[in-house]
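Below are the chains, spelled out letter by letter.
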Amino acid sequence: MPDAHRPRYHFLPPCHWMNDPNGLIHWQGRYHLFYQHNPFGAWWGKMHWGHAVSADLVHWQHLPLALAPTPGGPDQEGCWSGCAVDWAGTPTLVYTGVRPEVQCLATGEGDDLLIWHKHPRNPVIAGPPPGLEVTGFRDPCVWREGQEWRLVLGSGFPGQGGAALLYRSPNLLDWEYLGPLCEGEASRTGYNWECPNFFSLGGRHVLIISPQPLGKAMYMTGDYAANRFAPSAEGDVDIGGSLYAPQVMADARGRRLLWGWLREGRSREACEEAGWAGVMSLPRVLTLLPDGCLSAQPAPELQTLRRRSVRWGPRPLAGWVPLEGLPGDGLELRMTIALGSAEGIALIVRRSPGGEEETRFIYDRNADILRCDRSRASLSPHQDRTPYEGHYSVAGDRITWRLFLDASVVELYADSLTCLTTRIYPERPDSLGLALAAIGGEARLESLEAWEMAPIWRAETPS
Ligand code: DQQ
């Protein structure tokens, strides 16, 4: 029986558990994606690093495990998240070994990055600076700054809130603590920051964090000077409640590309029964908007997956219009709507003919909100039905949405303003319908095009 919930054009391992993207690097013209992986089952456990490679950012090939815990070593309880850097021509992974949380290096041998050697000096950071009490000490993000290396760690100060700790090193081995790059208040941005990413973009600096216990990724944009980051704008990387612990890389074209872990929205038992858990988001190209907010768009390379297409419009929109003739569990849809007098727009996906199952994406124009209603996403008791919503404020009269539907994954890009990614697990094989409506007035569908999407696996097709 094919697995109806298993995505076909989003990356995931052949089986078992995956969480954070790690060690993203463009090396010798190929994209390498590593990820937190439990090779023993579809649950979070003793973490290893899985590995895959792509020449075009679209099609992926699975490679052998890159890192496994070394018995008796500083990572004996797990190889947790980290990054990859070019260490004077040697590809090098910088990651957290546990427990306790310490920072380690592994160097790659050969151009294909199949063999990794853990550095004899591990751990290169053996713990927090003496006297500093922290809520976490992990997930290094490393970059080159002038003649030295810089590193931030995800952390937090008890009773205060999350923080990113800044270090420097002349040689990647000896590290000096410089103080917190930035810290937050627990009431707003959680008690501990996981997976910090710090990078320049469009003349500013960006810090992305995954704050505990908020369960979402947030960004701040602002200025970096004198070892401090001063944010002036902030927001959610994605408002759908699924994307977490994203990692950003620079590719050879100078783009900043982001991948995030799309968490499951079903029970552990359902994951174990399926034999897999965790999906990677589509690669997203980051840009900075004039107001300092972060914008993410799917990488243009994904257009090579487009196959048969269907078009609708232009046509008036009032009440519901079914969108027929497409495979309703694997497509990309792009539409532009002139809002007219409508108070909102609703798009339904994965709808069964009688409406027993359906998922709604709703733009509430009066409230400036985009929301996802999963209350009837699945007849299964294992489906998470939590609704998610976030700020989405459209300046003019027109909206353009791009929706990527791939079995249990839905990614919605609302203009260049907001991303909403969610997970749904319809039970009925006929839950394939799509429908569109203008709410409380009349709008105009200016154009709508949808494409069937090809799978990303060439040589191997995991069932
Ligand atoms: N996942 C890793 C940690 C990180 C967390 C462990 C975030 O390094 O803080 O699997 O999902």
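Everything numeric here is computed off the predicted structure, so don't read it as measured data.

Cut-offs and rules
- Residues numbered from 1 in each chain as written.
- Predicted model: local features only at pLDDT ≥ 70, side-chain atom pairs only at ≥ 80, totals over all residues.
- Heavy atoms only, no water.
- Helix = DSSP H or I, 4+ residues; strand = E, 2+ residues; numbered from the N terminus.
- Near = heavy atom within 4 Å.
- Polar contact = N/O pair within 3.5 Å; in protein donor to acceptor, adjacent residues only side chain to side chain.
- Nonpolar A, V, L, I, M, F, W, Y, C, P; charged D, E, K, R; others polar.
- Domains from an automatic or database assignment.
- Contact = heavy atoms within 4.5 Å.
- Buried area = accessible area lost by both parts, 1.4 Å probe.
- Core = buried A, V, L, I, M, F, W, Y, C linked by side-chain atoms within 4.5 Å.
- Buried < 20%, exposed > 50% of the residue type's maximum accessible area, 1.4 Å probe, protein only.
- Phe/Tyr/Trp six-rings, centres within 6.5 Å; stacked < 30°, edge-to-face > 60°.

### Focus on unusual backbone geometry
Logical step 1: Look at the link from Arg-99 to Pro-100: it is a cis peptide, with omega at 5°.
Logical step 2: Counting through the fold element by element, Pro-100 comes out in the loop between strand 6 (90-98) and strand 7 (102-109).
Logical step 3: Of note in this structure, Leu-172 is not a glycine but carries a positive phi near 75°.
Logical step 4: With respect to the helices, strands and loops of the structure, Leu-172 is situated in the loop between strand 11 (161-169) and strand 12 (176-183).
Logical step 5: Positive phi, close to 50°, is recorded for Ala-245, a residue that is not glycine.

### Some words on the site of the ligand
Logical step 1: Residues in contact with the ligand amount to 14 residues; listed here are only the nearest, Asp-20, Gln-36, Arg-138, Asp-139 and Glu-194.
Logical step 2: Taking Asn-19, its side chain carries an N or O atom lying 3.0 Å from an oxygen atom of the ligand.
Logical step 3: Contact distances for the ligand include 2.9 Å between an oxygen atom and a side-chain N or O atom of Trp-44.
Logical step 4: Where the shell around the ligand is concerned, the elements lending two or more residues are strand 1 (16-27), strand 5 (78-87), strand 9 (137-145), strand 13 (192-201) and strand 17 (243-250).
Logical step 5: Classifying every residue of the shell around the ligand by side-chain character gives seven nonpolar, three polar and four charged.

### Digging into the domain arrangement of the chain
Logical step 1: As assigned here, the chain comprises domain 1 (16-298) and domain 2 (306-453).
Logical step 2: For domain 1 and domain 2, the distance between their C-alpha centres works out to 32 Å.
Logical step 3: Each partner contributes residues to the interface: domain 1 has 23 residues there, and domain 2 has 23 residues.
Logical step 4: Buried area between domain 1 and domain 2, summed over both chains or domains, comes out near 1900 Å², and the portion from carbon and sulfur atoms is 56%.

### Here's the deal with the nonpolar core
In globular proteins that are soluble, nonpolar side chains generally tend to be buried together.
Logical step 1: Counting residues in each nonpolar core, the largest one holds 45 residues, and the members touching the most others are Phe-11, Trp-60, Ile-208, Trp-259, Leu-286 and Leu-305.
Logical step 2: Per-element tally for this core: the top contributor is strand 18 (residues 256-262), with four residues.
Logical step 3: The residues that make up this core include at least three from each of domain 1 (16-298) and domain 2 (306-453).
Logical step 4: Excluding residues within four positions of it along the chain, Leu-286 makes contact with Phe-199, Leu-201, Val-248, Arg-256, Leu-258, Leu-294, Ser-295 and Ala-296.
Logical step 5: Counting 39 residues, the second largest nonpolar core, distinct from the first, contains Leu-317, Val-321, Ile-424 and Ala-450.

### Observations regarding the packing of aromatic side chains
Logical step 1: Under the definition given, this model contains 17 aromatic pairs.
Logical step 2: Look at Tyr-244 and Trp-261: their rings are 6.3 Å apart centre to centre, the planes differ by 70°, and that puts the pair in the edge-to-face class. With a gap of 17 residues between them, Tyr-244 in strand 17 and Trp-261 in strand 18 connect regions that are remote in the sequence. Across the pair, Trp-261 and Tyr-244 agree in class, each one buried.

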